[in-house]
Amino acid sequence: MKIHSKAVKITVFSIVFLFFILPPLFNTKSPSLVFSNWTFPFIQLILFFLSLLLLYIDESLFFDFKSQKGSLSYRLIFPAVFCLCLLFAISFLINGLSIIISHNTIQEEITPPSNFKECIFCVLTFFFSAFFEESIYRFFLPESIKSFFLTCKPSLQKYLIYAGEIFTALLFAFSHRYAGIFSVINALLAHIVLRLCLKKTGSIYAGFTAHFIYNITAFTLLSLN
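Residues numbered from 1 in each chain as written. Predicted model: local features only at pLDDT ≥ 70, side-chain atom pairs only at ≥ 80, totals over all residues. Heavy atoms only, no water.

Let us look at the overall build of the protein chain. A tally of helices and strands in the protein chain yields 8 helices and 0 strands. For the protein chain, the N- to C-terminal ordering of α and β elements is α-α-α-α-α-α-α-α. Sorting the 225 residues of the protein chain into buried and exposed places 40% on the buried side. Across the protein chain, every contact between residues at least 6 apart in sequence was considered, and the portion connecting residues at least 24 apart equals 82%. Carbon and sulfur atoms make up 71% of the accessible area of the protein chain, which amounts to about 12,700 Å² in all. (Helix = DSSP H or I, 4+ residues; strand = E, 2+ residues; numbered from the N terminus. Buried < 20%, exposed > 50% of the residue type's maximum accessible area, 1.4 Å probe, protein only. Contact = heavy atoms within 4.5 Å. Areas by Shrake-Rupley, 256 points an atom, 1.4 Å probe, with all protein chains shown as cover.)

What follows deals with the confidence of the model for the protein chain. Low pLDDT marks stretches whose predicted atomic positions should not be read closely. The predicted model of the protein chain has a mean per-residue pLDDT of 85, with 84% of residues at 70 or higher. When pLDDT is averaged over each element of the protein chain, helix α7 (residues 181–201) comes out on top at 94 and helix α2 (residues 31–34) at the bottom at 58. (pLDDT = per-residue confidence, 0-100.)

So, about the packing of aromatic side chains. One pass over the structure, following the stated rule, counts 21 aromatic pairs. Here the aromatic rings of F48 and F49 are separated by 5.6 Å at their centres, their planes lie at 70°, and the arrangement is edge-to-face. Classification of F48 as buried rests on a relative accessible area of 14%. Classification of F49 by relative accessible area gives partly exposed; the value is 49%. Each residue in the set F48, F49, F127, F128, F131, F208 and F212 is aromatic and connected to the rest through ring pairs, giving one cluster. The cationic tip of R138 hangs over the ring face of F172; the distance from NZ or CZ to the ring centre is 4.2 Å. (Phe/Tyr/Trp six-rings, centres within 6.5 Å; stacked < 30°, edge-to-face > 60°. Lys NZ or Arg CZ within 6 Å of the ring centre and 35° of its normal.)

Our focus in this paragraph is helix α6 (residues 154–174). If you check α6, its first and last C-alpha atoms are 31 Å apart, about what 21 residues at 1.5 Å a residue would give, namely 30 Å. Among the residues of α6, I161, G164, T168, A169, L171, F172 and A173 are the ones counted as buried. Those residues of α6 that are buried lie in contact with α1 (6–25), α5 (116–148) and α7. (Expected span 1.5 Å × (residues − 1).)

Glancing now at a nonpolar patch on the surface. On the surface, I181, I185, L189, I192 and L196 cluster together into a nonpolar patch covering about 410 Å² of accessible area. Counting through the fold element by element, I181 comes out in helix α7. (Patch = residues over 30% accessible without salt bridge, like charges linked within 9 Å, V, L, I, M, F, W, Y side chains within 5 Å. Salt bridge = Lys/Arg side-chain N within 4 Å of Asp/Glu carboxyl O.)

In C-alpha cells, the structure reads:
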C-alpha cells in the first residue's frame, strides 16, 4: 500500500511530528525516573506498532532489505558491528569529556532490573525504542522531508535536503536533553553514524541492531558501576 497523495503524506507527517516527535523535546523527567521503572513498556510497544503501521501505509518510505545485494554478513552483520564500534567510541569520548569538564555522570541515577521479569521488560523497552527511533528519526523524517523538496528548483534542492538532515539530527539530539548536554551531543553524533549506516546499507536493520545492542550494553555497564 503506497501513499500517492501529497496532502495525505503531509497529514501523516504532521501527525507523527506533533504527537510523537515534539513531546520528547519537552520531557523533563530525570534519568532516575526514565531508567528505574521496569514495567511492561506499553508506550514503547505502541511506538513500535506505529513504525510498522507507517511501513504498511507507505512502503515507499522504507527501504526493502530483501532487495539489497550481497550476503547477510555484508548487509547486516559487518555494518552493525562497525556502527556499534563507532557508537561506543563516541560514547567513551563524550563520557570522558563530561567527567573532565563537569565531573557529572548519570550512573548513580540508574536503577537496574531487580528480577527476571523486570529484565525482560527492560530488554523489550530498549528493543521497541530502538526500532521506533531508527524507523522515525533515521528514515521516516529525513526521507519524508526529502520527498517534499523534490519538486523544488534543482538549485535549492540540495541545500533544502541538507537542512532537513540537520533538522532531523537536532530533533533526535534534543529529545535526549533530559539526560544533560553531553547526552545531547552523544545523541547527535550517534544519529550521524546511524543515518550514514542506513544510507550505505539501504535499510534500517543494521542500524537498529547496532542501536539496540549499544543501548543494552551501555545500560548494563552503567548498572554495574
